[in-house]
Amino acid sequence: TKLSPILISIMTSHYGNYFFQQLLQLLNKRQKQFIYSLIKQHFLSICTNKSGTYSIQALIDVIESIDEEQTLEQMITPILPQLCGNEHGHHIIIKLITVLPEERRSYINNFILKNLPNISCNKYGYLCVIKFIAVNTNVTLRVEFITQITKNFLCLIQNYFGCTIFIYLI
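Below or above, wherever it landed, is the structure these notes cover. Since we're looking at a predicted model, the values are computed, not measured.

A few words on the overall build of the chain. Across its full length, the chain carries 14 helices and zero strands. In sequence order, the secondary structure elements of the chain are arranged as α-α-α-α-α-α-α-α-α-α-α-α-α-α. By the compact-globule yardstick of 15 Å for 170 residues, the chain fits well, its C-alpha radius of gyration being 17 Å. Counting over 170 residues, the chain shows a buried share of 47%. For the chain, the accessible area works out to roughly 9200 Å², and carbon and sulfur atoms hold 56% of it. Once the 14 positive and 10 negative side-chain charges of the chain are each reduced to a mean point, those two points are 5 Å apart.

In structure tokens form, the structure reads like this:
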């Protein structure tokens with residue numbers, strides 16, 4: 001609680017984020033929930049900060065409970081478009097796709113599928129789509145993905161980043 005007033009500054013500091021990452025290793029679930037409550041109002045700015053993105057990725061790495069996942073989901077869901085399209089924020093989405101099992105990240109999967117053309121044609125978003133493809137094993141999601149890329153073929157193939165997705169698939 002002594003760090004509370006300066007926690008956001010620590011998390012977004014070039015050197016402070018290393019301290020925060022190490023601190024997370026020592027915290028229990030209750031203390032991590034307290035951190036979530038402190039950062040909630042500043043979550044987007046932390047995620048899209050050059051150093052803050054590492055702090056949030058470290059927070060994802062130490063998830064120990066469904067409660068923590070749900071708290072994170074509630075914070076991330078409203079800002080998914082901003083994260084996918086941001087130089088630093090997209091790393092948060094990639095981390096979640098990598099760390100969470102498919103069935104526990106349906107909010108991200110559904111967002112990607114519903115917004116495939118916009119995300120795929122974005123300088124950073126297409127990397128989220130490629131990670132989604134790389135780790136996807138759910139046949140239903142694969143069928144929906146194929147439906148979406150077929151439906152949006154022309155739009156995707158005429159865009160540098162969208163075309164990169166087809167190159168990756170090949």
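Time to look at the pattern of salt bridges. Counting across every chain of the model gives four salt bridges. Residue Asp61 pairs with Lys95 through a salt bridge whose shortest N-O separation is 3.0 Å. Of this pair, Asp61 sits in helix 5 (residues 52-61) while Lys95 is found in helix 8 (residues 90-99), placing the two residues 34 residues apart along the sequence. Residue class for Asp61 comes out partly exposed when judged on its relative accessible area of 46%. For Glu69, the salt bridge identified is with Arg104, shortest N-O distance 2.6 Å. One end of the pair, Glu69, is in helix 6 (residues 66-76); the other, Arg104, is in the loop between helix 8 and helix 9 (106-114), with 35 residues separating them in the sequence. The class for Arg104 is partly exposed, based on a relative accessible area of 35%. Shared partners join several salt bridges into a network, and the residues in it are Lys32, Glu64 and Glu68.

To describe two helices that pack against each other, one gives the angle between their axes and the distance between the axes. For the pair helix 9 and helix 11 (residues 125-135), interaxial distance at closest approach is 11 Å and the crossing angle is 120°. Between helix 9 and helix 11, the crossing angle belongs to the class labelled oblique. Judged by the sense of rotation from one axis to the other, the crossing of helix 9 with helix 11 is left-handed. On the side of helix 9, the interface is formed by Asn109, Ile112 and Leu113, while helix 11 contributes Cys128, Val129 and Phe132. Per-class residue counts for the contact of helix 9 with helix 11 are five nonpolar, one polar and no charged.

Nonpolar side chains in soluble globular proteins generally cluster together in the buried interior. Among the nonpolar cores identified, the biggest contains 52 residues, and Ile39, Phe43, Ile56, Ile76, Ile93, Leu96 and Phe145 are the most heavily contacted of them. Once residues within four sequence positions are removed from consideration, Ile76 is found in contact with Phe43, Leu83, Ile92, Ile93, Leu96 and Tyr107.

Conventions used here
- Residues numbered from 1 in each chain as written.
- Predicted model: local features only at pLDDT ≥ 70, side-chain atom pairs only at ≥ 80, totals over all residues.
- Heavy atoms only, no water.
- Helix = DSSP H or I, 4+ residues; strand = E, 2+ residues; numbered from the N terminus.
- Rg over C-alpha atoms; globule rule 2.2 N^0.38 Å.
- Buried < 20%, exposed > 50% of the residue type's maximum accessible area, 1.4 Å probe, protein only.
- Areas by Shrake-Rupley, 256 points an atom, 1.4 Å probe, with all protein chains shown as cover.
- Lys, Arg positive; Asp, Glu negative; His and termini not counted.
- Charge placed at Lys NZ, Arg CZ, Asp CG, Glu CD.
- Salt bridge = Lys/Arg side-chain N within 4 Å of Asp/Glu carboxyl O.
- Axes fitted to C-alpha atoms, helices over the stretch in contact; angles between N-to-C directions.
- Parallel < 35°, antiparallel > 145°, perpendicular 65-115°, else oblique.
- Left-handed = near helix turned anticlockwise from the far one by under 90°.
- Contact = heavy atoms within 4.5 Å.
- Nonpolar A, V, L, I, M, F, W, Y, C, P; charged D, E, K, R; others polar.
- Core = buried A, V, L, I, M, F, W, Y, C linked by side-chain atoms within 4.5 Å.

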